Amino acid sequence: MHRRTFMNLTAGATTALALNPLACRAQAQERQRLVAYPDPAVEVIDPRFAKYKVNNAAIERLYTGTRWAEGPVWFGDGRYLLFSDIPNNRMLRWLEETGEVTVFRSPSNYSNGNFRDREGRLLTCEHDSRRVTRTEHDGTITVLIDRFQDKKLNAPNDLVVHSDGAIWFTDPGYGIMTNYEGHKAAFELPTNVYRLDPKTREVTVVASDMDKPNGICFSPDEKKLYIVDTGVPRHPGDPRPIRVYDVIDGVRLKNGRMFADLSPGSSDGIRCDVDGNVWSAAGWGGEAHNGVHIFAPDSTLIGKIHLPETCANLCFGGIKRNRLFMAASQSLYAIYVEAQGAQMP
């Protein structure tokens, strides 16, 4: 190709992409780093993690251009991923087939965590409206809960759905602590974890022993519930814990205890694979801490996926549920692994 032809083609492409900044940013995977396989950013710490590493797969940067990426959720029936860009008050959609990124919802009430119920409908924690909503199949939005005991929720953060249909969600209140991810307001309730039965609308507090309950997920057999506490330690040397609880009769918790300590940084979003390993977003502990930390069911740290940005949340997706999507600060990343997510649907 002649240099003039190349320059003309480049100029034309640049002009077209400039008219569509989301499409431009969606080309980020073409500008990602080139690595020799196996990707050194996927670290095996314990031999048990080796079987989950795909030696000819690399971390891909699918998109960049968010201010704080959060809440990824996979829609296999549409082959797309939704994720939140909280400070920009929008939700984005990444299409698996083309890599295109478009705006799904704007404004989004500063949405944070997202999940799907057992009928495949989108569930969303909204900071600004201080509520949990459900997007129906026809696109209408149903408010599931915005108050408890006649008081406003703080700012729901993350959620998970039990096989009985109940929604378990955390309410640490980050959305009312600053104007960056919502709006400043007074706390009216403690920072609780709730169980909501969407059929009866019955709501119960299932955990109240954390400073800032955040990420949440069930073990594959639903006998355990993992919850991240992202509260600032009160004393030097205090842990930055992922806690685990025994689930009793599918409706209440007991025997809360520390599962893993993410010091010197912190966790945020978490998900389990079908083998019961806990995949935890990680950051705030220095460059080497950023990414995803993987813990065996016995709480041993077995592997890490290193990212150049703080990771806030993650989920499994793809046709075989073996692609890990990572919402990390200003970008969306993904990598294929030999683990499958336990999330249903």
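Here goes a summary of the coordinates provided. The shown structure was predicted, so the numbers you read here are calculated from the model rather than taken from an experiment.

1. Description of the packing of aromatic side chains
Okay, so step 1: Counted by the stated rule, this structure contains 13 aromatic pairs.
Okay, so step 2: Aromatic pair Trp279 and Phe316: ring centres 5.3 Å apart, planes at 85 degrees, arrangement edge-to-face. Of this pair, Trp279 sits in strand β22 (residues 278-283) while Phe316 sits in strand β25 (residues 313-317); the two residues are 37 residues apart in sequence, bridging distant segments of the chain. Neither Trp279 nor Phe316 differs from the other in exposure class; each is buried.

2. With respect to the nonpolar core
Nonpolar side chains tend to gather and get buried jointly when the protein is soluble and globular.
Okay, so step 1: Leu159, Trp168, Phe169, Leu225, Ile227 and Leu253 are the most contacted members of the largest nonpolar core, which has 29 residues in total.
Okay, so step 2: Of all hydrophobic cores here, the second largest spans 23 residues; its members include Trp279, Ile302, Cys311 and Ala328.

3. Brief notes about the pairing of β25
Okay, so step 1: Among the five residues of β25, five are classified as buried, and the element is accordingly described as predominantly covered.
Okay, so step 2: Here β25 shows no split at all, with Asn313, Cys315 and Gly317 on one side and Leu314 and Phe316 on the other all buried.
Okay, so step 3: Bridge count between β25 and strand β26 (residues 323-328): five bridges; the pairing is antiparallel. When the sheet's bridge partners are listed, Cys315 is paired in β26 with Phe325.

4. Some details on the pattern of salt bridges
Okay, so step 1: Under the definition given, this model contains 17 salt bridges.
Okay, so step 2: Across the pair Arg61 and Glu309 runs a salt bridge, and its minimum N-O distance is 3.6 Å. In this pair, Arg61 is assigned in strand β2 (residues 60-64) and Glu309 in the loop between β24 (301-306) and β25, connecting sequence segments 248 residues apart.
Okay, so step 3: The class of Glu309 is buried, set by a relative accessible area of 11%.

5. Here we look at the sheet that holds β22
Okay, so step 1: With respect to topology, five strands assemble into an open sheet ordered β1-β24-β23-β22-β21, the strand pairing being antiparallel. Every other strand in the sheet has two partners, leaving β1 (42-44) and β21 (266-272) as the edge strands with one partner each. For this sheet, the mean inter-axis angle between neighbouring strands, taken without regard to orientation, is 20 degrees.
Okay, so step 2: With five bridges joining them, strand β23 (residues 291-295) and β24 adopt antiparallel strand pairing.

6. Considerations on the pairing of strand β15 (residues 193-196)
Okay, so step 1: In β15, alternate side chains face the same way, and those of Val193 and Arg195 on one face and Tyr194 and Leu196 on the other are all buried.
Okay, so step 2: As defined by bridge partners, β15 adjoins strand β16 (residues 203-207) across four bridges and the pair is classed as antiparallel. Bridge pairing in β16 links Val193 to Ala207.
Okay, so step 3: Count of turn residues in the β15/β16 antiparallel hairpin: six residues, of which Arg201 carries a positive phi of about 65 degrees.

7. A look at unusual backbone geometry
Okay, so step 1: Residue Tyr37 is joined to Pro38 through a cis peptide bond whose omega torsion reads -5 degrees.
Okay, so step 2: In this structure, Pro38 sits in the loop between α2 (21-26) and β1.
Okay, so step 3: In this structure, Arg79 is a non-glycine residue whose phi angle is positive, near 55 degrees.
Okay, so step 4: Here Arg79 is to be found in the loop between β3 (69-75) and β4 (80-85).
Okay, so step 5: We note that Asn89 has phi near 55 degrees; this positive angle belongs to a residue other than glycine.
Okay, so step 6: Mapped onto the secondary structure, Asn89 falls in the loop between β4 and β5 (90-95).

8. So, the state of the cysteines
As used in these notes, a disulfide is a covalent bond between sulfur atoms, one from each of two cysteines.
Okay, so step 1: Summed over the entire model, instances satisfying the criterion amount to zero disulfides.
Okay, so step 2: With no disulfide partner, Cys125 has as its closest neighbouring cysteine sulfur the one in Cys217, 14 Å distant.
Okay, so step 3: Cys217 carries a free sulfur, and the closest cysteine sulfur to it, the one in Cys272, is 3.9 Å from it.
Okay, so step 4: We classify Cys217 as buried; its relative accessible area is 2%.

9. Re the environment of Ser129
Okay, so step 1: On the secondary structure map, Ser129 appears in the loop between β8 (122-126) and β9 (131-135).
Okay, so step 2: In this structure Ser129 comes out as partly exposed when scored by relative accessible area, which is 24%.
Okay, so step 3: The spatial distance from the C-alpha of Ser129 to the C-alpha of Ala166 is 21 Å, given a sequence separation of 37 residues.
Okay, so step 4: At a separation of 2.5 Å, a polar atom in the side chain of Ser129 contacts the side chain of Glu126.
Okay, so step 5: Of the polar contacts made by the side chain of Ser129, one reaches the side chain of Arg131; its length is 3.1 Å.

Reading guide: rules and limits
Residues numbered from 1 in each chain as written. Predicted model: local features only at pLDDT ≥ 70, side-chain atom pairs only at ≥ 80, totals over all residues. Heavy atoms only, no water. Phe/Tyr/Trp six-rings, centres within 6.5 Å; stacked < 30°, edge-to-face > 60°. Helix = DSSP H or I, 4+ residues; strand = E, 2+ residues; numbered from the N terminus. Buried < 20%, exposed > 50% of the residue type's maximum accessible area, 1.4 Å probe, protein only. Core = buried A, V, L, I, M, F, W, Y, C linked by side-chain atoms within 4.5 Å. Pairing = 2+ DSSP bridges. Salt bridge = Lys/Arg side-chain N within 4 Å of Asp/Glu carboxyl O. Axes fitted to C-alpha atoms, helices over the stretch in contact; angles between N-to-C directions. Disulfide = S-S within 2.5 Å. Polar contact = N/O pair within 3.5 Å; in protein donor to acceptor, adjacent residues only side chain to side chain.

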